[in-house]
Amino acid sequence: MAKRFPLANLPSALPLASVKRIEIDRRAQLFPSGQMKEIRTDIQALRGLAVLLVVLHHAKMPFLPAGYLGVDVFFVISGFLITGLVKAGIERGDFRFSEFYFRRAKRLLPAAYVTFLTAALLAPLFLTSKELSDFAVQMIGAVTFTGNFVLSQQTGYFQGAGDLKPLLHVWSLAIEEQYYLIMPAALVFVPARRWLPLMVGVFAVSLILCAIGGHVKPVTTFYILPTRGWELAIGSIGALIGADSRLYRYARALFFPALLALLAIPFFPFGGNHPGPDALIMCLATIVVILRHYPMRNFGAPVLMLAAIGDFSYSLYLAHWPIFAFANNLWAGEEAGHPPIAVRIVALVLALGLGYLLYRYVETPVRRSNFRFSGNLLAKTLAASLGLILIPSGIAAATPGSADFQHIRRINFGFDRACEFGDRFVSKPECRNSEKPMIMVWGDSFAMHLVPGLAATSGEMGVIQATRANCGPLLGLAPIEKVFRFGYNKNWAEGCIAFNQSVIDYLAHAASIETVVLSSPFSQYVDSASVVDLKKADGAFEIIEPSAESALAGLRRSLDALRSLGKRVVIVAPPPSGGFNVGGCLERLIEGKPFLGAPQDCQIHLDDYHQLKRGVLDFLARAASQLDVKIFRFDAWLCGANSCRTSIDGIFVYRDGGHLSYDGSRLLAQRTDLASTLRSLAR
């Protein structure tokens with residue numbers, strides 16, 4: 001790590017010429033282009049704070065609920081520094097696009113490519129077939145700095161947990177590089193007097209798009225430049241305003257409140273969509289601290305330590321996430337990314353060590369080198385990029401699996417992916433197997449996974465599917481995530497409530513449907529600590545805590561509405577589960593890959609199941625006794641005295657921790673004569 005040599009701390013006996021030479025040498029090492037720059041301890045400390053927030057957040061430290069806000073701090077710093085660099089070059093008259101992008105590549109690519117290569121070589125040991133396939137696409141996104149677009153398609157309720165993806169973190173680097181493609185051209189081709197109005201306009205438009213997108217498309221909003229560009233634009237505005245402007249003076253006056261906000265909000269966030277109010281406050285606080293240019297050394301050792309970490313923040317950011325992702329994959333627990341605290345602490349220490357080594361032996365030597373742009377260097381860079389893209393596919397081809405686990409564990413949408421409805425249910429030909437179906441399956445993804453089996457055993461009765469992921473069949477009730485994950489915000493919850501009402505509206509005119517099968521895990525309404533519920537009553541919305549009482553009331557509304565239409569109803573309970581990813585465990589067991597956090601035979605222990613799902617099982621028992629509805633459970637066909645089977649005759653019953661696979665759904669349905677059984681139980 002490059003050491004700091006403040007002039008005042010050097011021995012007084014050292015000749016003044018030597019003192020100046022040391023400082024000049026250090027700056028020349030940091031800035032080999034020959035442009036002398038001030039060493040900003042405050043900015044380095046901000047970088048250190050930002051990367052620690054992110055790393056501790058990824059380590060799932062319980063005391064830091066909003067460590068992800070460190071990325072927002074990074075965006076402002078990047079916008080400020082790069083805009084200042086481009087502005088200075090234009091004003092001097094020596095700015096060249098080729099030189100700018102060469103320096104960016106020299107700064108970013110060596111450490112990134114070492115990280116990508118290491119991750120590619122380790123991926124086959126830790127990743128399942130689905131994650132390996134996703135990783136190959138992630139590598140393309142990482143190398144081409146389009147990773148944000150790739151990850152926006154690979155994360156979600158069905159697409160998979162982001163915590164398992166080793167190159168998830170490149171989305172933020174992609175946004176920065178995309179900004180750097182646009183911003184320099186804007187400054188070069190726009191008159192200097194219009195620079196500041198232009199950036200203010202970019203900030204305003206992007207912030208408006210972010211506010212709208214956060215309600216309409218929260219996952220996409222999180223990942224793309226148009227809705228995150230306002231954060232970098234704040235940094236650009238800070239670099240463009242003059243020291244004598246009123247805005248600059250206001251910023252200086254707000255230094256200590258801004259510093260307090262940076263230190264407090266990650267620990268005590270206001271909540272809501274992200275990026276949202278918390279991100280806006282963090283970004284504004286960051287630019288205030290930067291503009292104040294306070295002598296941070298006055299704060300002593302803690303700030304100097306943050307600045308030291310800031311020196312290798314880029315390498316630490318690169319190195320830390322693949323370590324956590326591989327640990328998350330190794331842990332076969334159902335809730336991805338939640339290995340025990342001891343595993344997370346080991347990963348954290350390893351990340352700090354490897355991040356520093358990457359900085360010391362890759363990033364710093366390359367940055368200090370004096371090689372220049374050439375056609376030969378460009379060819380080598382392109383070859384390295386192509387090699388990185390090909391490596392994951394090459395490794396996969398060289399190590400074929402014993403079975404097509406991607407197909408075995410594919411997402412069980414029921415009839416078709418099109419049957420994952422939006423805010424309104426309509427009858428689609430691809431979501432039914434009869435023109436006049438007698439059975440409707442209504443619920444969330446735990447209703448979807450019943451459809452292959454019901455369709456296989458329904459005969460002439462016919463089945464129609466009315467499903468929406470995570471949206472249980474409880475009228476007037478829907479879950480909202482407390483922390484951003486898959487985009488289940490208040491807007492989504494209102495859509496879920498509207499979807500369920502549209503199912504009832506459809507059934508009012510669907511004379512052929514006699515039996516309605518309801519299914520859900522119900523945990524999101526009963527005992528989840530990660531959500532609140534949105535309740536609609538008398539046309540008004542109210543946020544409430546999940547409880548069995550509110551869930552029973554919602555279920556009662558559904559049953560009453562269905563029975564008033566002359567429909568008979570039965571509920572299918574979620575299959576047994578043991579708190580681990582059953583499908584992933586079975587694949588790793590068969591492939592001989594290591595795993596932790598699951599029984600070594602991948603069977604569900606009965607005691608674990610009953611303890612884990614106690615709240616849901618109690619809720620279903622109360623529903624049966626209080627609401628006069630039959631509950632069908634697969635336990636009798638899967639569970640013995642001590643455990644429940646997860647594979648039968650070589651067939652995976654489960655695709656993940658709780659959903660049935662296509663083959664498992666059909667197998668259980670055939671063994672239970674599911675369609676006829678449910679029809680006979682309905683009342």
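Remember, predicted model here, so these are calculated numbers, not experimental data. (Residues numbered from 1 in each chain as written. Predicted model: local features only at pLDDT ≥ 70, side-chain atom pairs only at ≥ 80, totals over all residues. Heavy atoms only, no water.)

**Considering a nonpolar patch on the surface**
Together, Leu350, Leu354, Leu357 and Tyr361 give the surface a local cluster of nonpolar side chains, amounting to about 390 Å² of exposed area. When you line up the elements, Leu350 lands in helix H16 (residues 341-368). (Patch = residues over 30% accessible without salt bridge, like charges linked within 9 Å, V, L, I, M, F, W, Y side chains within 5 Å. Areas by Shrake-Rupley, 256 points an atom, 1.4 Å probe, with all protein chains shown as cover. Salt bridge = Lys/Arg side-chain N within 4 Å of Asp/Glu carboxyl O. Helix = DSSP H or I, 4+ residues; strand = E, 2+ residues; numbered from the N terminus.)

**Some thoughts on unusual backbone geometry**
That bond from His274 to Pro275 is cis: its omega, 0°, falls within 30 degrees of zero. Of note, Pro275 is situated in the loop between helix H12 (255-264) and helix H13 (277-292). The phi torsion at Asn470 lies on the positive side, around 70°, for a residue other than glycine. Note on placement: Asn470 falls in the loop between strand S2 (463-467) and strand S3 (477-481). Even without glycine at this site, Asp538 takes up a positive phi of about 55°. When you line up the elements, Asp538 lands in the loop between strand S5 (531-537) and strand S6 (540-544). According to the relative accessible area criterion, Asp538 is exposed, its value standing at 84%. (Buried < 20%, exposed > 50% of the residue type's maximum accessible area, 1.4 Å probe, protein only.)

**A short note on the side chain of Ser206**
Mapped onto the fold, Ser206 is located in helix H8 (residues 195-216). Overall, the relative accessible area of 4% leaves Ser206 in the buried class. From its side chain, Ser206 meets the backbone nitrogen of Trp230 in a polar contact 2.9 Å long. (Polar contact = N/O pair within 3.5 Å; in protein donor to acceptor, adjacent residues only side chain to side chain.)

**Comments concerning helix H4 (residues 97-126)**
The end-to-end C-alpha separation of H4 is 41 Å, in line with the 44 Å expected for 30 residues at 1.5 Å each. Residue Leu109 marks the point of greatest curvature in H4, where the axis turns by about 35°; the proline Pro110 follows within four residues. (Expected span 1.5 Å × (residues − 1). Bend = angle between axes of the 7 residues up to and from the residue.)

**Some words on the sheet that holds strand S7 (residues 568-572)**
Strand order across the open sheet formed by five strands is S2-S1-S4-S7-S9, with parallel pairing between neighbours. A strand with exactly one partner marks an edge of an open sheet, and here the two such strands are S2 and strand S9 (631-632). In this structure, strand S4 (residues 515-519) lies alongside S7, joined through five bridges in parallel fashion. Of the residues in S7, the one forming a bridge with Val517 is Val570. (Pairing = 2+ DSSP bridges.)

**Points about the pairing of S4**
Counted residue by residue, S4 has five buried out of five residues, so it is predominantly covered. The alternating pattern of S4 places Thr515, Val517 and Ser519 on one face and Val516 and Leu518 on the opposite face, and all of these are buried. Judged from the five bridges that link them, strand S1 (residues 439-443) and S4 form a sheet pairing that is parallel. Among the inter-strand pairings, Met440 is bridged to a residue of S4, identified as Val516.

**Overview of the pattern of salt bridges**
Two side chains carrying opposite charge are able to pair once their charged atoms lie near each other. Inspection of every chain in the model, using the stated rule, returns 23 salt bridges. One salt bridge in this structure joins Arg468 and Asp423, with 2.9 Å as the shortest N-O distance. Of this pair, Arg468 sits in the loop between S2 and S3 while Asp423 sits in the loop between helix H18 (405-408) and S1, and the two are 45 residues apart along the sequence. Each of Lys130, Glu131, Asp134 and Lys165 takes part in a single network of salt bridges with overlapping partners.

**Focus on the sheet that holds S3**
Reading across from one edge, S3-S5-S6 is the order of the three strands in this open sheet, with antiparallel pairing throughout. Here the strands that pair on one side only, and so sit at the sheet edges, are S3 and S6. Within the sheet, the average angular offset between the axes of one strand and its neighbour, ignoring direction, is 30°. Pairing geometry for S3 and S5, over five bridges, is antiparallel. Bridge pairing links Leu477 to Lys535 in S5. Sitting on the sheet, helix H21 (residues 490-507) is in contact with S3, S5 and S6, with an inclination near 160° to S3. (Axes fitted to C-alpha atoms, helices over the stretch in contact; angles between N-to-C directions. Contact = heavy atoms within 4.5 Å.)

**Description of the side chain of Gln138**
Here Gln138 lies in helix H5 (residues 129-144). Apart from the residues within four sequence positions on either side, Gln138 is in contact with Val150, Leu151, Gln154, Lys165, Pro166, Leu167 and Leu168.

**Quick look at the environment of Phe268**
Tracing the backbone through its elements, the reader meets Phe268 in the loop between H12 and H13. Phe268 sits in the exposed class, given a relative accessible area of 65%. A sequence separation of 204 residues divides Phe268 from Leu64, and the C-alpha atoms of the two residues are 8.1 Å apart.

**Remarks on the packing of aromatic side chains**
With the rule as written, the count across this model stands at 33 aromatic pairs. On the numbers, 6.2 Å between centres and 25° between planes, the contact of Phe421 with Phe499 is stacked. Separated by 78 residues along the polypeptide, Phe421 in the loop between H18 and S1 and Phe499 in helix H21 bring together distant segments of the chain. Residue Phe421 is classed as buried on the basis of its relative accessible area, which comes to 4%. Residue class for Phe499 comes out buried when judged on its relative accessible area of 0%. Sitting over the face of the ring of Phe371, Lys106 holds its NZ or CZ atom 4.8 Å from the ring centroid. Its end group placed over the ring of Phe222, Arg228 keeps NZ or CZ at 5.1 Å from the ring centre. (Phe/Tyr/Trp six-rings, centres within 6.5 Å; stacked < 30°, edge-to-face > 60°. Lys NZ or Arg CZ within 6 Å of the ring centre and 35° of its normal.)

The values are spatial; any link to function lies outside them.
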